[in-house]
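An overview of the molecular structure
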2 protein chains.
Amino acid sequence: MTERTRKHTTRPRLCAADWEDCALLTLAESGVAAVAVESLARRLGVTKGSFYWHFPNREALLQAALERWEQNDEREVIAHVEAIADPRERVRELVRQVSHKRPSHAVFAALLKAIDQPLIRPVIERVSQRRLDFVTEAFEQAGFGPTQAANRARLAWSAYVGFVQLAQIRQPRMNHDEFEAYIRDFIEVLIPR
Amino acid sequence: MTERTRKHTTRPRLCAADWEDCALLTLAESGVAAVAVESLARRLGVTKGSFYWHFPNREALLQAALERWEQNDEREVIAHVEAIADPRERVRELVRQVSHKRPSHAVFAALLKAIDQPLIRPVIERVSQRRLDFVTEAFEQAGFGPTQAANRARLAWSAYVGFVQLAQIRQPRMNHDEFEAYIRDFIEVLIPR
DNA sequence: GCGCTACCATACGGCGCAGTATGGTGTGTG
DNA sequence: CACACACCATACTGCGCCGTATGGTAGCGC
């Protein structure tokens, strides 16, 4: 073979953050149950002897990973969108941002499925409440009264959550134009001129 | 002891349908993963020796139980609602029916979480498509054009799916009046007069 | 009242995962 | 250059589940 056979070219030598990254990736791909110690170890090319040096147990890994996800990505999305002045355009941008599902939203979808687990529930609750408040405020600034704004925000947020779930089935797969038209109607219905 | 010690007073003596019922109940309560042979056996007061007489394996039980759920309940809900002439009232009734979550909708929520499993996915796809078609037709009868009706149906169906998921977190728990007001706005937004 | 069959118990092997114990190696620092 | 520490491998126990094999019992027809 012509390839050089350097051993230890890039020996893994992991740190805690590497495990958290791998956990989030696996979480986004295959759900909470797939975040298993031995499974992740195989994926990282090490054994679980490594894991239990960095973390006391599986729960600690999940907690750390979710904390990072909640801080990083969540604040990013909100911060990126809340700069927009026009509330109508702000909601539109939020919807569009959030529907072009990057891995982060796959994490959200995976967490949603594991809402019964006591470790996951509070995370979902915080994220859900924050986004709901955000949308509610946008509707209020768009001129709706408190209850009207709250109900439309509930509707919008529920529709997003449902969309995330339903996007995983391929039957009513929309193409790009159909999707854009859907978003247009979505905004039009929720914020009539 | 003063109680009579009749043994075999009501010896279980199960049939396949009993296992299916128990499977659906457990599915609604604790999700797909909780539908485990030994677990169900404990719940039914027997051992798994019983189970493997009625079914070849766990997959067969799930398949049979889901088939019954899809036939019975699905047709029931649709049939009960589609008798209503006014499409506006028909959607309203569907939403109300479906949101006062009886165990059947808990099954739907549980299945939604397991959409990645090849046994579950086609069931969700069929049910989802059927309900989506149903709502789309209602919107068309309410006077919307094909694309308008399709998009509003998508929105309504997504909102329902999201609502089912979000109903499991207690933070924004609505009371009865709030919920009725929400439904009223829901209909009002989707089918303006 | 005898046996046949439907239904169930008991016992076993195997797999995948969590977590523990303990020994080994590369790397930087004195 | 040696030593300490960070990082990892190996090997083990324990648990919950799936599925199989096989023997037991109650109620039916005859």
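Provided above is the structure to which this section pertains.
A brief structural summary. (Residues numbered from 1 in each chain as written. Chains lettered and ligands numbered in written order. Predicted model: local features only at pLDDT ≥ 70, side-chain atom pairs only at ≥ 80, totals over all residues. Heavy atoms only, no water.)

Attention now moves to the overall build of chain A. A tally of regular secondary structure across chain A gives 9 helices and 0 strands. Starting at the N terminus and ending at the C terminus, chain A contains elements arranged as α-α-α-α-α-α-α-α-α. The 193 residues of chain A split such that 50% are buried. A sequence separation of at least 24 residues applies to 65% of the contacts in chain A between residues at least 6 apart. (Helix = DSSP H or I, 4+ residues; strand = E, 2+ residues; numbered from the N terminus. Buried < 20%, exposed > 50% of the residue type's maximum accessible area, 1.4 Å probe, protein only. Contact = heavy atoms within 4.5 Å.)

Okay, the pattern of salt bridges next. Enumeration according to the criterion identifies 18 salt bridges over all chains in this entry. Of the charged contacts in the structure, one is a salt bridge between B:Asp21 and B:Arg68, with a shortest N-O distance of 2.5 Å. Taken as a pair, B:Asp21 in helix 1 (residues 16-30) and B:Arg68 in helix 4 (residues 58-81) lie far apart in primary sequence, 47 residues in all. When salt bridges with common partners are traced through the structure, they connect A:Glu20, A:Asp21 and A:Arg68 into a single cluster. (Salt bridge = Lys/Arg side-chain N within 4 Å of Asp/Glu carboxyl O.)

Relative to chain B, chain A is turned by 180° and slid 0.0 Å along the rotation axis, the superposed coordinates differing by an RMSD of 0.1 Å. The superposition of one copy onto the other is thereby described by a two-fold rotation axis. An overlap of 100% is found between the interface residues of chain A and their copies at the interface of chain B, pointing to a shared contact surface. (Least-squares fit on C-alpha atoms with pLDDT ≥ 70 in both.)

The next thing to look at is the environment of A:Phe55. Residue and element names in this part refer to chain A. Here phenylalanine 55 lies in the loop between helix 3 (48-54) and helix 4 (58-81). Here the alpha-carbon distance between phenylalanine 55 and alanine 16, two residues 39 residues apart in the chain, equals 7.5 Å. Excluding anything up to four places from it in sequence, phenylalanine 55 contacts Ala16, Trp19, Glu20, Ala60, Leu61 and Ala64.

It is worth spelling out the environment of B:Gln165 at this point. Mapped onto the secondary structure, B:Gln165 falls in helix 8 (residues 146-166). Linking B:Gln165 and B:Ala106, residues 59 residues apart in sequence, is a C-alpha distance of 9.6 Å. Ignoring any residue separated from it by four or fewer positions in sequence, one finds B:Gln165 in contact with A:Leu112, A:Ile115, A:Val161, A:Gln165, B:Ala109, B:Leu112 and B:Lys113.

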